[in-house]
Amino acid sequence: MSSRTLPLLFINLGGEMLYILDQRLRAQNIPADKAKKVMNDIITTMFNKKFLEELFKPQELYSKKALRTVFDRLAHASIMRLNQASMDKLYDLMTMAFKYQVLLCPRPKDILLVSFNHMDAIKDFVKDTPSILSQVDETYQQLIEMYTPMCSGEFQLIRQTLLIFFQDMHIRVSIFLKDKVQNSNGRFVLPISGPVPHGTQVPGLIRMFSCTGEEVNRLKFTNGGNYTAATREGSFEIFGDRVTKLGTNMYSVSRPVETHMSGTSKNSAQNTKVNAAPNPLAKEELNLLAKLMGRLEDPNPGNTDSGFRVNLFATDEEEEEALISRPDELSYGVIKIQATKDLQANAELAKIMGEFTVSGDQSPSASSKGDDLLAMMDGL
């Protein structure tokens, strides 16, 4: 497993989450000021400096449940609220979109270009907020410094790690089904045509060489596809043409997006249940997660004046039906976390919380959210 996979997984899933939320906020006619606050708060929390320092440390991927919990807390880092069915759908859309992008990458290194497309879009969301924009730019530099020197073999390892992470996820998405890039069982249809990866040639020719390196024979064969020469390579600079469209916003053209559990996924529920069986550390991991995230709870849960709910379904009835019909084994339960009433009552927890402080010009609320997310990641 690659120890450098987590930052790319987090940034790409986060980028997809922002695309989806932006589309839903527009569809529900949420006032522009509230929509902007949601996006700014989430991005501020995503790119909290100390949180990212932890994220970029070499480490293995977290469990699916732990990663889902991270994004559950991230999606609720602002005044927006999602019911469990909508959060399930949001996470399904995020994961399936990025899985498809990883599968379509012509070469492993193009995963970095996909990440940069997501980063470009995130920058555009906060282009009018310099303080948040600077956070995003710092992360850009980290990505460039860490990943551009990597060799093809290292990117291949990252790609394989991502595909292993996604291999049991077969959620049907209406956009993919309508475009015929996904089968009814939730598996993707990969093309056998189009441009070949940069640095390679169109298949169809075998060249044979002598021991001295001299070409002695050529054989042609039918490649079975409709391949074309490679396009130019995308830019790995902070400003540049990525060339690839993978990682750009597929919701920019307004159309409804639905997710459905495939028959294959339902039939494999027992396998999923076995895979999800708690290991000796899982319960402790989530318990610590709950403790460290305590301060992210809404201090005024009864106050609905400033907050609002976003529904990723067409109606509330559809949302309720989706929650009921989703197999228990395939649903990520929402972890209910009660804020600690008196942090000083627990000296160890108070000490941990005290270690996470953020300097700079961030607002107190943004800083505390970033600290809590950092603390949560530290506990995984």
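Above: the structure in question.
Residues numbered from 1 in each chain as written. Predicted model: local features only at pLDDT ≥ 70, side-chain atom pairs only at ≥ 80, totals over all residues. Heavy atoms only, no water.

A.B. asks: Looking at this model, I keep getting lost on the overall build of the chain. Mind explaining?
C.D. replies: Helix and strand counts for the chain stand at 15 helices and eight strands. In the chain, which comprises 380 residues, the proportion classed as buried is 46%. A separation of at least 24 residues holds for 79% of the contacts in the chain among residues at least 6 apart in sequence. When the accessible surface of the chain is totalled, it reaches about 19200 Å², and 52% of it is carbon and sulfur. (Helix = DSSP H or I, 4+ residues; strand = E, 2+ residues; numbered from the N terminus. Buried < 20%, exposed > 50% of the residue type's maximum accessible area, 1.4 Å probe, protein only. Contact = heavy atoms within 4.5 Å. Areas by Shrake-Rupley, 256 points an atom, 1.4 Å probe, with all protein chains shown as cover.)

A.B. asks: What's the story with helix α4 (residues 64-75) in this structure? I'm lost.
C.D. replies: Residue pairs three or four apart in sequence face the same way in an α-helix, which turns once every 3.6 residues. Its 12 residues give α4 an end-to-end C-alpha distance of 16 Å, which sits within 8% of 16 Å, the value for a rise of 1.5 Å per residue. Ala 66, Leu 67, Arg 68, Thr 69, Val 70, Phe 71, Asp 72, Arg 73, Leu 74 and Ala 75 are the residues of α4 that are buried. (Expected span 1.5 Å × (residues − 1).)

A.B. asks: Looking at this structure, how should I read the pairing of strand β4 (residues 205-209)?
C.D. replies: Where β4 lies against strand β5 (residues 215-220), five bridges are found, and the strand directions are antiparallel. Among the inter-strand pairings, Ile 206 is bridged to a residue of β5, identified as Leu 219. (Pairing = 2+ DSSP bridges.)

A.B. asks: Honestly, a nonpolar patch on the surface in this entry has me stumped. Any pointers?
C.D. replies: Together, Ile 206, Leu 219 and Phe 221 give the surface a local cluster of nonpolar side chains, amounting to about 260 Å² of exposed area. A residue is classified by how much of its surface remains accessible, and Leu 219, at 43% relative accessible area, is partly exposed. (Patch = residues over 30% accessible without salt bridge, like charges linked within 9 Å, V, L, I, M, F, W, Y side chains within 5 Å. Salt bridge = Lys/Arg side-chain N within 4 Å of Asp/Glu carboxyl O.)

A.B. asks: I tried to follow the packing of α4 against helix α5 (residues 84-104) on my own but got confused; where do I start?
C.D. replies: Their axes nearest at 11 Å, the elements α4 and α5 cross at an angle of 115°. Comparing their axes, α5 and α4 come out roughly perpendicular. For the pair α4 and α5, the crossing hand works out as right-handed. On the side of α4, the interface is formed by Lys 64, Leu 67, Arg 68, Phe 71, Asp 72 and Ala 75, while α5 contributes Gln 84, Met 87, Asp 88, Leu 90, Tyr 91 and Met 94. (Axes fitted to C-alpha atoms, helices over the stretch in contact; angles between N-to-C directions. Parallel < 35°, antiparallel > 145°, perpendicular 65-115°, else oblique. Left-handed = near helix turned anticlockwise from the far one by under 90°.)

A.B. asks: Looking at this model, I keep getting lost on the packing of helix α1 (residues 6-27) against α5. Mind explaining?
C.D. replies: Axis angle and axis distance: for two packed helices, these are the angle between their axes and the distance between the axes, and together they describe the pair. Two elements in contact, α1 and α5, have axes separated by 9 Å at closest approach and are oriented at 125°. If you check the angle between α1 and α5, you find them oblique. The chirality of how α1 crosses α5 is right-handed. Along the contact surface, α1 presents Leu 8, Leu 9, Asn 12, Leu 13, Glu 16, Met 17, Ile 20 and Leu 21, while α5 presents Leu 90, Leu 93, Met 94, Thr 95, Ala 97, Phe 98 and Gln 101. Taken together, the residues of the contact of α1 with α5 break down into 11 nonpolar, three polar and one charged. (Nonpolar A, V, L, I, M, F, W, Y, C, P; charged D, E, K, R; others polar.)

A.B. asks: Help me out: how do you make sense of the nonpolar core in this one?
C.D. replies: The nonpolar side chains of a soluble globular protein tend to be buried, and buried together. Formed by 83 residues in total, the largest nonpolar core has its most connected members in Phe 10, Met 17, Ile 42, Phe 71, Leu 90, Tyr 147 and Phe 176. For this core, the leading source of residues is α1, giving 12 residues. Those residues in contact with Phe 10 that lie beyond four places of it in its chain are Met 46, Phe 51, Leu 55, Val 70, Phe 71 and Leu 74. (Core = buried A, V, L, I, M, F, W, Y, C linked by side-chain atoms within 4.5 Å.)

A.B. asks: What's the story with the environment of Phe 239 in this structure? I'm lost.
C.D. replies: Mapped onto the secondary structure, Phe 239 falls in the loop between β6 (226-228) and β7 (259-261). Measuring from C-alpha to C-alpha, the distance between Phe 239 and Phe 116 comes to 9.5 Å, with 123 residues separating the pair along the chain.

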